[in-house]
Amino acid sequence: MATSFRPSLLRQAVAAPATRAYSTPAVRSHFNAQTRPAPAWTAQRAAFQTSARRPILPPLPQVINGSVNDPVKVPEPHPSHGSYHWSMERLVSVALIPVTIAPFAAGALNPLLDGTLIGLTLIHTYIGFQSVIIDYIPNWRAKTWRKAFEWLNVLALVIVGWGYYEFETNDVGLTAGIARIWRAGANAQELEKQAEQKLS
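All values derive from a computational prediction rather than experimental measurement.

> What is the right way to look at the overall build of the protein in this model?
Helices and strands together make up the secondary structure of the protein, namely 8 helices and 0 strands. Order of helices (α) and strands (β) in the protein, N terminus to C terminus: α-α-α-α-α-α-α-α. Residues counted as buried form 12% of the 200 residues belonging to the protein. In the protein, 58% of the contacts between residues at least 6 apart in sequence involve partners at least 24 apart. Here the protein displays about 17,000 Å² of accessible surface, and carbon together with sulfur accounts for 66% of that area.

Next comes the structure, spelled out in structure tokens:
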């Protein structure tokens, strides 16, 4: 019999301090001020957070071609899309290191070296963007977008190549331009000293 009254006694004991703590009017008004209703923008934010997810590409219909026991279709091997292509990418990447360092280390600004650096840079960036397009825009999923981005990559290659050509033929060239930018602070100080000497 005594055990049936224990939960109710426990509830009364827990509730009693709370009622005693906020029994005075000053404390009660302070407590009510602290527990005011939330502003309207919190409801708007909550509604924004629970909005439906909208994927960029909606999922395709789930179709199984053949059975689960069919082997995976392996494309025919081709050297230009396999080991030769991989080797060429590595060679271009490795060749960029000395060609980038040589003009500045030796102090020789050669148009032939400039052309080599520009050519390797163009090939390297083209292959890099092509890899991104192949990885993230699959041909089986978005053929039109894949073709558009491939042509955009070629167009960017032509425009940047033309810009490099103009910079090489009508201006100082790539390595000389980088050297001027690198020494811009020192050159400015020298010009200031020369101007001060002329004034004095």
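Next, the rest of the story.
> Can you walk me through the pattern of salt bridges in this structure?
Side chains that differ in charge, positive against negative, can pair when their charged atoms come close. A full pass over the atoms with the stated rule returns 3 salt bridges. A salt bridge links Glu89 to Arg90; the nearest nitrogen and oxygen atoms lie 3.6 Å apart. Taking relative accessible area as the criterion, Glu89 reaches 13% and is therefore assigned buried. Here Glu150 and Arg146 are joined by a salt bridge, their closest N and O atoms 3.0 Å apart. Placement of the pair is Glu150 and Arg146 together in helix α6 (residues 143-170), with a separation of 4 residues, close to one helical turn. Judged by its relative accessible area of 29%, Glu150 falls in the partly exposed class. A cluster of three or more residues bridged by salt bridges with shared partners is formed by Arg146, Lys147 and Glu150.

> Please clarify how a nonpolar patch on the surface should be interpreted in this entry.
A surface patch of nonpolar side chains, amounting to about 530 Å² of accessible area, comprises Trp145, Phe149, Leu152, Leu155 and Ile159. Here Trp145 lies in helix α6.

> I'm lost on the side chain of Arg146 in this one. Help?
Accessibility expressed as a relative area gives 12% for Arg146, which makes it buried. When sequence neighbours within four positions are dropped, the list of residues in contact with Arg146 reads Ile133, Ile134, Ile137, Pro138 and Asn139.

> Where do I start with the UniProt feature "binding site: heme b" (unreviewed entry) in the protein in this structure?
Taking the numbering used here, the UniProt-annotated feature "binding site: heme b" (unreviewed entry) corresponds to His124. Residue class for His124 comes out partly exposed when judged on its relative accessible area of 36%. With near-sequence residues (within four places) excluded, His124 lies in contact with Val92, Ser93 and Leu96.

> Could you clarify how one ought to interpret the side chain of Asp114 in this entry?
You can see Asp114 is positioned in helix α5 (residues 111-136). For Asp114, a relative accessible area of 3% gives the class buried.

What counts as what
- Residues numbered from 1 in each chain as written.
- Predicted model: local features only at pLDDT ≥ 70, side-chain atom pairs only at ≥ 80, totals over all residues.
- Heavy atoms only, no water.
- Helix = DSSP H or I, 4+ residues; strand = E, 2+ residues; numbered from the N terminus.
- Buried < 20%, exposed > 50% of the residue type's maximum accessible area, 1.4 Å probe, protein only.
- Contact = heavy atoms within 4.5 Å.
- Areas by Shrake-Rupley, 256 points an atom, 1.4 Å probe, with all protein chains shown as cover.
- Salt bridge = Lys/Arg side-chain N within 4 Å of Asp/Glu carboxyl O.
- Patch = residues over 30% accessible without salt bridge, like charges linked within 9 Å, V, L, I, M, F, W, Y side chains within 5 Å.
- UniProt positions renumbered as here; feature names shortened; annotations may be inferred.

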